[in-house]
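The primary structure of each chain is shown beneath.
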Amino acid sequence: MEKLADWIWLSRVFPYGSEKPKRLLEQFETPERLRDATDEELKKLAFLKPKDITAIRKTSLSRAELVVADCKKYNIDILSYASKEYPDCIK
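Quick summary incoming for the structure in this document. (Residues numbered from 1 in each chain as written. Predicted model: local features only at pLDDT ≥ 70, side-chain atom pairs only at ≥ 80, totals over all residues. Heavy atoms only, no water.)

1. Structural notes on the overall build of the chain
We apply this condition: In DSSP terms, a helix is any run of H or I states spanning at least four residues, a strand is any run of E spanning at least two, and both are numbered starting from the N terminus. Accessibility here uses a 1.4 Å probe with only protein chains present; expressed as a share of the type maximum, an area under 20% marks a residue as buried, one over 50% as exposed, and anything in between as partly exposed. Contacts are assigned to residue pairs that have any heavy atoms within 4.5 Å of one another. Within this scheme the basic residues Lys and Arg register as positive and the acidic residues Asp and Glu register as negative, but His and the chain ends are omitted. Here the site of a charge means NZ on Lys, CZ on Arg, CG on Asp, or CD on Glu.
Each helix and strand counted, the chain has six helices and zero strands in total. Taking the principal axes of the C-alpha coordinates as reference, the chain spans close to 40 × 30 × 20 Å. In the chain, which comprises 91 residues, the share counted as buried stands at 34%. In the chain, the share of contacts with a sequence separation of at least 24, taken over all contacts with a separation of at least 6, comes to 58%. Once the 18 positive and 16 negative side-chain charges of the chain are each reduced to a mean point, those two points are 5 Å apart.

This is the structure:
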């Protein structure tokens, strides 16, 4: 399973409710693979705008890692989209 920070990173790239993360996961399968995608790969996706590619490039993984650390510090569990406990009805 991917690191929780990868999923938090993805959740911070686009506004809440955007369908783009789901569409990107259909293409790249994991947030890590999306982060590693080239600009050329991203530009081929008609549903992405230049500002989306900029957001992917500028969103900080280190900030997501801090969120994970804070959650661990305060005993807060995180469920990612890839977690088996994540409810199917909201996927």
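2. Details of the pattern of salt bridges
This is how the line gets drawn: Between Lys or Arg on one side and Asp or Glu on the other, a salt bridge is scored when a side-chain nitrogen of the former is within 4 Å of a carboxyl oxygen of the latter.
Per the counting criterion, the structure on display carries four salt bridges. Across the salt bridge formed by Glu 41 and Arg 33, the nearest N and O atoms sit 2.5 Å from each other. We classify Arg 33 as partly exposed; its relative accessible area is 32%. For Asp 39, the salt bridge identified is with Arg 57, shortest N-O distance 2.8 Å. Of the two residues, Asp 39 sits in helix H4 (residues 39–43) while Arg 57 sits in helix H5 (residues 50–58), which places them 18 residues apart along the sequence. Judged by its relative accessible area of 31%, Asp 39 is partly exposed.

3. Some remarks on the packing of helix H1 (residues 4–13) against helix H6 (residues 61–73)
Each pair of packed helices can be described by the angle between their axes along with the distance between the axes. Quick reminder of the rule: Structural elements are reduced to axes, namely lines fitted to C-alpha atoms, with helices fitted over the stretch in contact, and the angle between N-to-C directions of any two is expressed from 0 to 180 degrees. What sets the label is the angle itself: under 35 degrees gives roughly parallel, over 145 gives roughly antiparallel, 65 to 115 gives roughly perpendicular, and the rest give oblique. Handedness of a helix crossing follows the sense of rotation of the near helix relative to the far helix, less than a right angle counterclockwise being left-handed and clockwise being right-handed.
Where H1 contacts H6, the two axes come as close as 8 Å, and the packing angle between them is 120°. Between H1 and H6, the angle falls in the class oblique. Once H1 is placed against H6, the crossing between them reads as right-handed. Of the residues in H6, those in contact with Leu 4, Ala 5, Asp 6, Ile 8, Trp 9 and Arg 12 of H1 are Leu 61, Arg 63, Ala 64, Glu 65, Val 67 and Val 68.

4. Comments concerning H1
Most of H1 is tucked away: seven of the ten residues are buried. Those residues of H1 not exposed but buried are Ala 5, Asp 6, Trp 7, Ile 8, Trp 9, Leu 10 and Val 13. On the buried face of H1, the contacting elements are helix H2 (20–28), helix H3 (31–36), H5 and H6.

5. Describing the side chain of Thr 59
Note the cut-off: Under the rule applied, a polar contact is a pair of N or O atoms within 3.5 Å (in protein, one hydrogen donor and one hydrogen acceptor; residues adjacent in sequence only if both atoms are side-chain atoms).
Summarising the element assignment, Thr 59 is placed in the loop between H5 and H6. A distance of 2.6 Å separates the side chain of Thr 59 from the backbone oxygen of Ala 55, its partner in a polar contact. Thr 59 has contacts with Trp 9, Arg 12 and Val 13, leaving out every residue within four places of it along the chain.

6. Some points on unusual backbone geometry
For Glu 29, which is not a glycine, the phi torsion comes out positive at approximately 75°. Assignment of secondary structure puts Glu 29 in the loop between H2 and H3. Unusually for a residue other than glycine, Asn 75 sits at a positive phi of about 55°. Looking at the element boundaries, Asn 75 is found in the segment after H6.

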